[in-house]
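Coordinate analysis (summary)
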Amino acid sequence: MAKMRAAVTAVGGYVPEDVITNKDLEKMVETNDEWIRTRTGIEERRILKGGRATSDMCVEVVKQIIEKRGIDPLEIDMLLCATITGDMVFPDTANTICDKIGAKNAFGFDINAACSGFLYALTTGAQFIESGMYKKVIVIGADMMSSILDYTDRSTCILFGDGAGGVLLEPNEEGYGHMDAILRGDGSGREFLHMKAGGSLKPASVDTVNAREHYVFQEGRSVFKSAVNGMGGSITEMMEKHNLTADDIDWVVPHQANMRIIKALADTVGVSMDKVMLNIQKYGNTTAGTLPLCLSDYETKLRKGDKLLLTAFGGGFTWGTVYLTWAYDGN
Ligand SMILES: CC(C)(COP(=O)(O)OP(=O)(O)OC[C@H]1O[C@@H](n2cnc3c(N)ncnc32)[C@H](O)[C@@H]1OP(=O)(O)O)[C@@H](O)C(=O)NCCC(=O)NCCS
């Protein structure tokens with residue numbers, strides 16, 4: 001009998017209605033559509049408005065999952081939310097989501113691993129299924145980046161958007177599901193990508209607000225190089241570990257940070273771009289949301305037994321690759 005694995009049995013994705021195009025950004029900062037397209041691949045991104053927060057996007061994702069799988073919220077054992085933009089610094093957003101959807105038997109917590117958050121959360125959730133402890137675990141990746149972006153800083157505000165995606169994990173005895181994970185971190189990378197104030201190191205004050213320290217700070221060039229090395233290295237290691245060739249891989253699911261990084265990854269794996277999930281042009285970088293949003297957008301193309309490599313890199317630094325086999329035919 002095959003080992004019991006944690007398989008994805010349903011996917012949901014949500015992006016807000018409001019769009020900011022590159023042309024819109026031209027009116028806000030010194031930039032242009034051509035620069036953004038050629039340097040990043042991004043054409044537009046979504047922005048959450050109307051006093052809504054990260055949990056509101058996640059609620060939409062969970063509603064889709066519940067409906068597709070035909071389950072009751074009371075059946076959910078656990079809900080993990082990967083995010084760096086929770087509704088509040090505390091409490092966690094996972095329990096807020098459980099409350100809003102009526103998942104009264106579930107508990108959960110947030111995972112703060114920036115753009116790698118979904119991989120960390122997926123692997124954490126998978127352990128609870130594989131151990132036999134739980135039967136239904138929801139894993140969400142979601143970020144409302146517009147809440148921490150400085151729309152006067154052209155080097156960051158063009159890159160990010162708001163969005164959420166998630167999956168349901170259930171036990172699978174056919175051998176499909178979460179096959180392996182290579183997860184890494186290097187805290188020395190915090191220098192290059194962080195938010196300066198609002199934590200215990202520098203609590204919020206009038207001075208920190210005036211200094212615009214509650215926004216994303218990024219040294220783009222350093223992050224770019226580390227992202228190529230981190231994702232490329234972990235994906236190569238995973239392929240070698242499982243004797244996977246480019247022909248064996250059905251889909252590469254890369255973090256959507258920059259089209260140039262994604263193309264470099266496709267070259268590293270040796271696959272053509274038609275095997276690479278892409279939505280960066282529509283949503284930009286939604287941080288923890290990118291990977292599950294890709295799965296949601298491509299769900300109808302996925303077939304039972306497909307081999308997927310999910311890879312991400314983000315603030316921390318955090319990075320890694322998850323090897324997943326798909327458990328159902330998308331329709
Ligand atoms: C941010 C990023 C797109 C910048 O692209 P880049 O090719 O590295 O560009 P640079 O930062 O070297 O800047 C090149 C020039 O463009 C300018 N520039 C930066 N942002 C610009 C913008 N929005 N519009 C126009 N010009 C811009 C810079 O000021 C610089 O000008 P200079 O040469 O006169 O100094 C790129 O570094 C990147 O994608 N980094 C990784 C981001 C990432 O993955 N982050 C998330 C990790 S999860």
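Here, every reference points to the structure presented above.
Predicted model only: the values in this text are computed from it and were never measured.

Moving on to the environment of A181. Checked against the element boundaries, A181 lands in strand 8 (residues 177–185). Measuring from C-alpha to C-alpha, the distance between A181 and A264 comes to 21 Å, with 83 residues separating the pair along the chain. Residues in contact with A181, not counting those within four places in the same chain, are T123, M238, T321 and V322.

Here we take up the site of the ligand. The environment of the ligand is formed by 23 residues, the closest being T31, R39, Q218, R221 and N258. R221 has a polar side-chain atom sitting 2.6 Å from an oxygen atom of the ligand. At a separation of 2.7 Å, an oxygen atom of the ligand approaches a polar side-chain atom of N258. Of all the cavities here, the one that holds the ligand is the second largest pocket. Of all the secondary structure elements, the ones that give two or more residues to the shell around the ligand are helix 2 (33–40), helix 6 (154–157), helix 8 (220–241), helix 9 (259–269) and strand 12 (307–314). If you tally residues by element for the shell around the ligand, the top one is helix 8, at 4 residues. Across the shell around the ligand, the residue classes tally to 9 nonpolar, 9 polar and 5 charged.

Counted at 1.5 Å a residue, the expected span for helix 8 with its 22 residues is 32 Å, and the 31 Å between its end C-alpha atoms agrees. Those residues of helix 8 that sit buried are S222, V223, A227, G230, M231, G232, S234, I235, M238 and M239. Just past helix 8, the residue N243 takes up positive phi, approximately 50°.

Before going further, it helps to examine the layout of surface pockets. Counted as a void, the largest pocket has a volume near 890 Å³. In this structure, the largest pocket is lined by 31 residues; those nearest its centre are I84, T85, N112, I148 and M195. One number sums up the size of the second largest pocket: a volume of about 720 Å³. What lines the second largest pocket is a set of 27 residues, and nearest its centre among them are W35, S155, L159, Q218 and G220. Put simply, the parts of the chain that give the lining of the second largest pocket at least two residues each are helix 2, helix 6, helix 8, helix 9 and strand 12. Per element, the largest residue contribution to the lining of the second largest pocket is 5 residues, and it comes from helix 8. A per-class count over the lining of the second largest pocket returns 12 nonpolar, 10 polar and 5 charged.

Before going further, it helps to examine the sheet that holds strand 4 (residues 78–82). Strand order across the open sheet formed by 5 strands is 1-7-6-4-5, with mixed pairing between neighbours. Each edge of the open sheet is held by one strand with a lone partner, namely strand 1 (5–14) and strand 5 (107–111). Pairs of neighbouring strands in the sheet enclose a mean axial angle of 20°, with direction left out of account. Here strand 4 runs beside strand 5; their pairing, made up of 5 bridges, is parallel. Bridging across to strand 5, M78 finds its partner in F107. Those strands touched by helix 4 (residues 93–101) are strand 4, strand 5 and strand 6 (137–144), and its axis lies near 130° from that of strand 4. Helix 5 (residues 117–130) contacts strand 1, strand 4, strand 5, strand 6 and strand 7 (162–172) of the sheet and is inclined by roughly 20° relative to strand 7.

Another point: the pattern of salt bridges. Across all of its chains, the model carries 19 salt bridges by this definition. Note that E299 and K68 form a salt bridge whose closest N and O atoms lie 2.7 Å from each other. Note that E299 is positioned in the loop between helix 11 (290–298) and strand 12 and K68 in helix 3 (residues 54–69), a separation of 231 residues in sequence. A relative accessible area of 46% means that K68 is categorised as partly exposed. A salt bridge links R69 to E170; the shortest N-O distance between them is 2.6 Å. One end of the pair, R69, is in helix 3; the other, E170, is in strand 7, and 101 residues separate them in sequence.

To continue, consider the sheet that holds strand 12. Spatially, 4 strands are ordered 8-13-12-11 in an open sheet, and the strand pairing comes out mixed. Only two strands of the sheet have a single neighbouring strand rather than two, namely strand 8 and strand 11 (251–254). With direction set aside, neighbouring strand axes in the sheet form an average angle of 15°. Where strand 11 meets strand 12, 4 bridges bridge the pair, whose relative direction is parallel. Within strand 12, the position partnered with V253 by the bridge is L310. The strands touched by helix 5 within the sheet are strand 8, strand 12 and strand 13 (318–325), with strand 8 carrying the most contacts at an inclination of about 130°.

Within the element layout of this structure, T83 appears in the loop between strand 4 and helix 4. Judged by relative accessible area, T83 falls into the buried class, the value being 6%. Only 3.0 Å separates the side chain of T83 from the backbone nitrogen of T85, close enough to count as a polar contact. A polar contact is formed between the side chain of T83 and the side chain of D143, at a distance of 3.0 Å. Apart from residues lying up to four places away in sequence, T83 is in contact with T54, D110, I111, N112, A142, D143 and A288.

Conventions adopted
Residues numbered from 1 in each chain as written. Predicted model: local features only at pLDDT ≥ 70, side-chain atom pairs only at ≥ 80, totals over all residues. Heavy atoms only, no water. Helix = DSSP H or I, 4+ residues; strand = E, 2+ residues; numbered from the N terminus. Contact = heavy atoms within 4.5 Å. Near = heavy atom within 4 Å. Polar contact = N/O pair within 3.5 Å; in protein donor to acceptor, adjacent residues only side chain to side chain. 1 Å grid on protein atoms, 1.4 Å probe; cavity = no way out; pocket = protein on both sides within 12 Å on 5 of 7 lines; lining within 4 Å. Sits in = over half its atoms within 2 Å of the grid points. Nonpolar A, V, L, I, M, F, W, Y, C, P; charged D, E, K, R; others polar. Expected span 1.5 Å × (residues − 1). Buried < 20%, exposed > 50% of the residue type's maximum accessible area, 1.4 Å probe, protein only. Points joined across faces, edges and corners; volume = space filled by probe spheres on them. Pairing = 2+ DSSP bridges. Axes fitted to C-alpha atoms, helices over the stretch in contact; angles between N-to-C directions. Salt bridge = Lys/Arg side-chain N within 4 Å of Asp/Glu carboxyl O.

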